[in-house]
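Residue-level structure breakdown
One letter stands for each residue in the lines below.
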Amino acid sequence: MYFVDVILPLPLPKPFTYNINEEEAHFLQVGMRVAVPFGKAKVYTGLVDKVHENKPTYDTKDIAYILDETPIITSTQLAHWQWIADFYMCSLGEVLKAALPAAFLIESETVIEIAEKNIDMALLTDDEWQVYEALQYKTSLKGSEVGKIIPKKKSLKIIKSLVEKGAVRVSEKMFEKYVPKLIKYVRLAPQYQTETGLKEAFALLEKAVKQKQLLMAYFNHFNRDKSPLKSDKLIEDAKVSVGVLKAVVEKGVLEEYYLQKDRVSFAENTTDDKNVLSEAQREAFADIKKEFEDKNTVLLQGVTASGKTEIYIELIDEYLKKGKQVLYLLPEIGITIHLINRLKKRFGKQLSVYHSRYTTNERVEVWNNVLANNEKAQLVVGVRSSVYLPFRELGLVIVDEEHDSSYRQFDPAPRLQARDTAIMLANFFKAKTLLGSATPSLESMHNVKLDKYGFVYLSQRYANYQLPIIEIIDIKDKQHRKRMSGHFSDVLIQEINNTLESGRQVLLFQNRRGYAPVVQCMHCGTVPQCPHCDVSLTFHQGSNQLRCHYCGYTTPMPKTCIACGSVDLKTKGFGTEQISKELAELLPQAVTDRMDQDTTNGKYGYEKILAKFEQQETQILVGTQMITKGLDFSNVGLVGVMNADASIHFPDYRAYERSFQLLLQIAGRAGRSAKQGKVLIQTYNPEHLVIQQVLKNDFKQMYQYQIEERRNFLYPPFVQMIRISLKHPEFNRVNEGADWLAGALRELFSTQNNVVVLGPEFPLISRIRNEYIKEILVKISPSHISMHTVKQQIKRTEISFQSISNYRPIRVSYVVE
Ligand code: ADP
Ligand code: ZN
Ligand code: ZN
């Protein structure tokens, strides 16, 4: 008798065991996929964990089918996933579900549709043909429906081969579509493309010297080289302003068009405009390598625009030349768009990008290239999910902006910290990790102090460009003296004007979107709340709606108070939309734009806004934290923070650290060129410690103060903290369950004085999407009892909890920090 343990993509505590025959037992290897029945009439794709001969005590079913000929994951990967499951307290199945691209995990619920290409029918088997035929009449089919057309046992196998033959594809409705990069080019309008046409064109521009100059530059380009000409390149060549090109386009002589750039294949020729490291950069580069001699992880702290990316590039180059794979982690897709071009120039064919805006098929492609260690995937740039890829020869991991909170995954499990998970991944390969930031996390700096990480510091901006001047504006005082227009102080308006006059651009930061986060009746005090969440609704003026930013609920903005009928409704607080509106009134002639979740939803939304800003069409860009990260625009002269207070007063033990990082990061967008930039921070608390530390750019002091606080009040990195959340739609059930669980944990750890159990308490937002939430906090100090043991004890307590029928429906989840 042979058995196979299969990891299912479900939150099960253990792999599930199935029967196999002897032949299958010899064929199957760890990391291959099998289709298996599970639960009532469902089929899932699972992963082989182990083949053995130990009959379990329950009745085992047969597997339905074997889906692979060779493993699609490696044993190192599986070990890493197991570490994730143990450390972050989730099941291996949940890791599997998060790790594999959806196309790898076909199951009863998977929806397939016809691929848009003609295929050779002769290539299809009878079963495949039947499914393909059925799809001619129905636009899509679920895996379970396929199981009715052909024997159910075969269904996943048939779907898989149809996908591989290109006949069908896994429906992507749930995924955001891949957004190609758009670049603006210019060409001569068709009617002027003849000899006489040309003469006419020049005649038309006869009186405008600059415009003629532009047209000359256009022809000069095409005399040299026939490749498409980018708009900004033409402006640069002709040494004229954007306005001149605009005028020529308006006259109809030149026209602008977009070319799509495929980001999946970077096969274009690598150009040779390689940057040479400055002396400071070269020194830092050498220091990093020296630190790597006896440290696996090195923290590179370099002020904003010190050229950390250039150093990464040199390091990547060395590892690629040694035949090693490199993983380059970024906190968010936003930065990716900006960075790809830089990396592409240098590493062209060796570069792959992996993130959620790619379709699942594209992700499968990257996966397979990494697994096969193909040339195309020697350097992988990606966000959180790329820590799951099947590396073979990983030599180096780079974690850029390592302090960034987007490295933390929240829902669904595994709720991992991608930076730490990547360091662990590197350890599995005995590879090196370089963490980079201008404002490192307390955790990483603490590890430097403990001598666990090496440390390299870059104190100068590249080319000795100066760091921006930071000024604090006391808005309480300004209000008192009637020097505010809406949310703009007189100083801020003055500086915006100065900056625009000097031809430079402005970034304005406000970390809230919408018009105002609160609407209140002045008569009875009622504030419209989300019916599903414990939050007030945000007013969006453009759509005249109230919206919940937690569940997406929307309702038209009422004309009168929903409670008393009064028309006296006022908004409180402000978001980016309101800033844009005030700006339009204050500076009607300025070209402004807004970048936040509401404006970047549409197709190319994100890229268009950035491209317009990059090409200096936009003079002032208003945005949320989206504009703080990694943007490298040399013409930004002024950064304005509309209100620094919200983030500082956020009730979280990381609030000070986060605010410091946020403010310095946004400040770092200013003056990234020879001309110094300026940063104006509006606040009600000019004397606040964090504001003062930002003003002095004093990371050291911030670190020392905050690390003391963490030590005194028992927060990470001095303890490991497990935040246990209980969620259920019934208030009483959550309450009782949380009391029971907290009581049980207190009892369990009553003799262990290194474990503290706090709560249960309602979090700041105690209901989201109709579920009440209660939290228990467990703090564990280092001691002879291993962290692993404590986690196992908590997990066992959860099992007792779930065995109480009244509590079983409560969802329990863990965040380990
Ligand atoms: P950081 O990542 O430290 O904020 P970047 O790597 O983005 O800084 O560099 C800031 C700017 O300086 C970029 O526009 C980059 O192209 C330029 N730069 C940095 N180092 C060099 C170099 N060695 N040669 C040419 N340009 C450089
Ligand atoms: Zn009212
Ligand atoms: Zn809601």
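Residues numbered from 1 in each chain as written. Chains lettered and ligands numbered in written order. Predicted model: local features only at pLDDT ≥ 70, side-chain atom pairs only at ≥ 80, totals over all residues. Heavy atoms only, no water.

**Side note on the overall build of the protein**
Keep this limit in mind: We count a stretch as a helix when DSSP gives it H or I for four or more residues in a row; a strand needs E for two or more, and each element gets its number in order from the N terminus. In this treatment the radius of gyration is a C-alpha quantity, and the globule benchmark scales as 2.2 Å times the residue count to the 0.38 power. Residue exposure (1.4 Å probe, protein chains only): buried if accessible area is under 20% of the type maximum, exposed if over 50%, otherwise partly exposed. The contact criterion used throughout is that any non-hydrogen atoms of two residues lie within 4.5 Å. Areas reported here follow the Shrake-Rupley algorithm with a probe of radius 1.4 Å; residue values treat only the protein chains shown as occluding. Positive charges come from Lys and Arg alone, negative charges from Asp and Glu alone, with His and the N- and C-terminal ends not counted. A charged residue contributes its charge at one atom only: NZ of Lys, CZ of Arg, CG of Asp or CD of Glu.
Along the protein, the regular secondary structure elements total 26 helices and 37 strands. Against the 2.2 N^0.38 benchmark of 28 Å for 817 residues, the protein shows a C-alpha radius of gyration of 29 Å, consistent with a compact globule. Judged by the C-alpha coordinates and their principal axes, the protein covers about 90 × 70 × 65 Å. Across the 817 residues that make up the protein, the buried fraction comes to 55%. In the protein, of all internal contacts separated by at least 6 residues, the share reaching a separation of at least 24 is 74%. With an accessible surface of roughly 37100 Å², the protein has 50% of that area assigned to carbon and sulfur atoms. Across the protein, the 105 positively charged side chains and the 96 negatively charged ones have centroids separated by 2 Å.

**Re the site of ligand 1**
Using the following cut-off: Proximity criterion: a residue is near a molecule or strand once any of its heavy atoms comes within 4 Å of it. We define a polar contact as two N or O atoms separated by no more than 3.5 Å, with the added condition that, inside protein, one atom must be a possible hydrogen donor and the other a possible acceptor, whereas residues neighbouring each other in sequence contribute only through side-chain atom pairs.
Ligand 1 sits among 17 residues. The nearest are Val276, Gln281, Ala305, Arg342 and Asp632. Here an oxygen atom of ligand 1 sits 2.9 Å away from a polar atom, N or O, in the side chain of threonine 309. Arginine 672 places a polar side-chain atom, nitrogen or oxygen, 3.2 Å from an oxygen atom of ligand 1. Isolated, ligand 1 exposes 550 Å² of accessible area, and the fraction of that covered by the protein chains is 82%. If one sorts the elements of the shell around ligand 1 by residue count, helix H12 (residues 308-321) sits on top with three residues.

**Re the confidence of the model for the protein**
Rule in force here: The predictor attaches a confidence to each residue, and that confidence, scored 0 to 100, is pLDDT.
Overall, the prediction assigns the protein a mean pLDDT of 89, with 94% of residues at 70 or greater. The least confident element of the protein is strand E12 (residues 254-261), whose mean pLDDT is 71; the most confident is helix H15 (residues 418-428), at 98. Note on residues 173-181: pLDDT under 50 across the span, and 32 contacts to partners over four residues away in sequence or across chains. Here residues 260-271 is a poorly scored stretch, pLDDT under 50, and it has 38 contacts once near neighbours within four places are set aside; other chains count.

**A closer look at the nonpolar core**
We count it as follows: Here, the term nonpolar core denotes a set of buried Ala, Val, Leu, Ile, Met, Phe, Trp, Tyr and Cys residues that are joined through side-chain atoms within 4.5 Å.
In terms of nonpolar packing, the biggest core is built from 110 residues, with Trp81, Ile724 and Ile794 touching the most fellow members. Among the elements that take part in this core, helix H22 (residues 655-667) stands out by supplying six residues, more than any other. Excluding its chain neighbours within four sequence positions, the residues that come into contact with tryptophan 81 are Leu47, Ile73, Leu92, Val95, Leu96, Ala99, Leu100, Trp367 and Tyr388.

**Focus: a nonpolar patch on the surface**
Convention followed: Surface patches are drawn from residues lacking salt bridges whose relative accessible area is over 30%; two like charges belong together within 9 Å, two nonpolar side chains (Val, Leu, Ile, Met, Phe, Trp, Tyr) within 5 Å. By definition here, a salt bridge exists when the distance from a side-chain nitrogen of Lys or Arg to a carboxyl oxygen of Asp or Glu is within 4 Å.
Together, Leu714, Val756 and Leu758 make up a nonpolar patch on the protein surface, roughly 190 Å² of accessible area in all. Within the secondary structure layout, leucine 758 lies in strand E34 (residues 755-761).

**Focus: the packing of helix H8 (residues 209-224) against helix H10 (residues 242-250)**
Stated formally: Throughout, an axis means a line fitted to C-alpha atoms (over the contacting stretch in the case of helices), and angles, computed between N-to-C directions, take values from 0 to 180 degrees. The cut-offs work like this: below 35 degrees is roughly parallel, past 145 is roughly antiparallel, 65 to 115 is roughly perpendicular, and the gaps in between are oblique. Charged residues are taken to be Asp, Glu, Lys and Arg, nonpolar residues to be Ala, Val, Leu, Ile, Met, Phe, Trp, Tyr, Cys and Pro, and polar residues to be all remaining types, Gly included.
The interhelical angle for the contact between H8 and H10, taken along N-to-C directions, is 85°, at an axis separation of 9 Å. Here H8 lies roughly perpendicular to H10, going by the angle between them. Taken together, the residues of H10 that come into contact with H8 (itself represented by Lys210, Gln211 and Leu214) are Val244, Leu245, Ala247 and Val248. Residue composition of the contact of H8 with H10, grouped by class: five nonpolar, one polar and one charged.

**Observations regarding helix H9 (residues 231-238)**
Where we set the bar: This arc is taken over the directions from the axis of the helix to the C-beta atoms.
Burial in H9 covers these residues: Ser231, Leu234, Ile235 and Ala238. When H9 is viewed along its axis, its buried side chains cluster within an angular range of 100° and face the same direction. Where H9 terminates, the next one or two residues include lysine 239, which has phi positive at roughly 55°.

**Examining the packing of aromatic side chains**
The condition that has to hold: Only centres within 6.5 Å qualify two rings of Phe, Tyr or Trp (six-membered ring in Trp) as a pair; their planes then separate them into stacked at under 30 degrees, edge-to-face at over 60, and tilted for everything else.
Summed over all chains, the structure comprises 24 aromatic pairs. Ring plane angle 70° and centroid distance 5.7 Å describe the contact between phenylalanine 104 and tryptophan 367, whose orientation is recorded as edge-to-face. Here tryptophan 367 lies in helix H14 (residues 360-371) and phenylalanine 104 lies in the loop between helix H3 (92-99) and strand E7 (111-114), a separation of 263 residues in the sequence. Considering the side-chain rings of tyrosine 218 and phenylalanine 219, the 5.4 Å spacing of their centres and the 85° angle between planes classify their relative orientation as edge-to-face.

**Examining H12**
Counted only if it meets this: Expected helix span is taken as 1.5 Å per residue step, with the number of steps being one fewer than the number of residues.
Between its first and last C-alpha, H12 extends 20 Å over 14 residues, near the 20 Å set by a 1.5 Å rise per residue. Looking only at H12, the buried set comprises Lys308, Thr309, Glu310, Ile311, Tyr312, Ile313, Glu314, Leu315, Ile316, Asp317, Tyr319 and Leu320. Positive backbone phi, approximately 80°, marks glycine 323, located one or two places after H12.

**Re the sheet that holds strand E27 (residues 554-556)**
Note the threshold: Any two strands with at least two DSSP-identified bridges between them are counted as paired.
Read from one edge of the open sheet, three strands run E25-E26-E27, paired in antiparallel fashion. Each end of this open sheet is capped by a strand with a single partner; those strands are strand E25 (538-540) and E27. Sheet twist, expressed as the average angle between the axes of neighbouring strands with direction ignored, equals 30°. As defined by bridge partners, strand E26 (residues 545-547) adjoins E27 across three bridges and the pair is classed as antiparallel. Directly across from glutamine 545, in E27, lies its bridge partner proline 556.

**Section: the coordination of the zinc ion (ligand 2)**
Our working definition: The rule for donors is simple: N, O or S, within 2.8 Å of the metal, or within 3.2 Å if the metal is Na, K or Ca. Water isn't counted, so a site may look like it is missing partners. Angular criteria define each label, namely tetrahedral for four donors with all angles between 85 and 135 degrees, square planar for four and octahedral for six donors with opposite donors over 155 degrees apart and remaining angles between 65 and 115, and irregular for whatever fails these tests.
Around the zinc ion (ligand 2), the donor atoms from the protein are Cys521 (SG), Cys524 (SG), Cys561 (SG) and Cys564 (SG), and they sit 2.3 to 2.4 Å away. Relative to the metal, the four donor atoms surrounding the zinc ion (ligand 2) lie at angles of 106 to 115°, and the coordination shape comes out tetrahedral. Expressed as a motif, the donor residue spacing for the zinc ion (ligand 2) is C-x2-C-x36-C-x2-C. One end of the pair, cysteine 521, is in strand E24 (residues 518-521); the other, cysteine 561, is in the loop between E27 and strand E28 (569-572), with 40 residues separating them in the sequence. A single burial state applies to cysteine 521 and to cysteine 561, both of which are buried.

**Regarding the sheet that holds strand E8 (residues 140-142)**
On the basis of which strands lie adjacent, the open sheet formed by three strands has the order E8-E7-E9 and antiparallel pairing. Two strands lie at the open edges of the sheet, namely E8 and strand E9 (168-170), each paired on one side alone. Going from strand to strand, the sheet's axes swing by 30° on average, the running direction of each strand aside. Strand direction decides the pairing type here: E7 and E9, joined by three bridges, are antiparallel.

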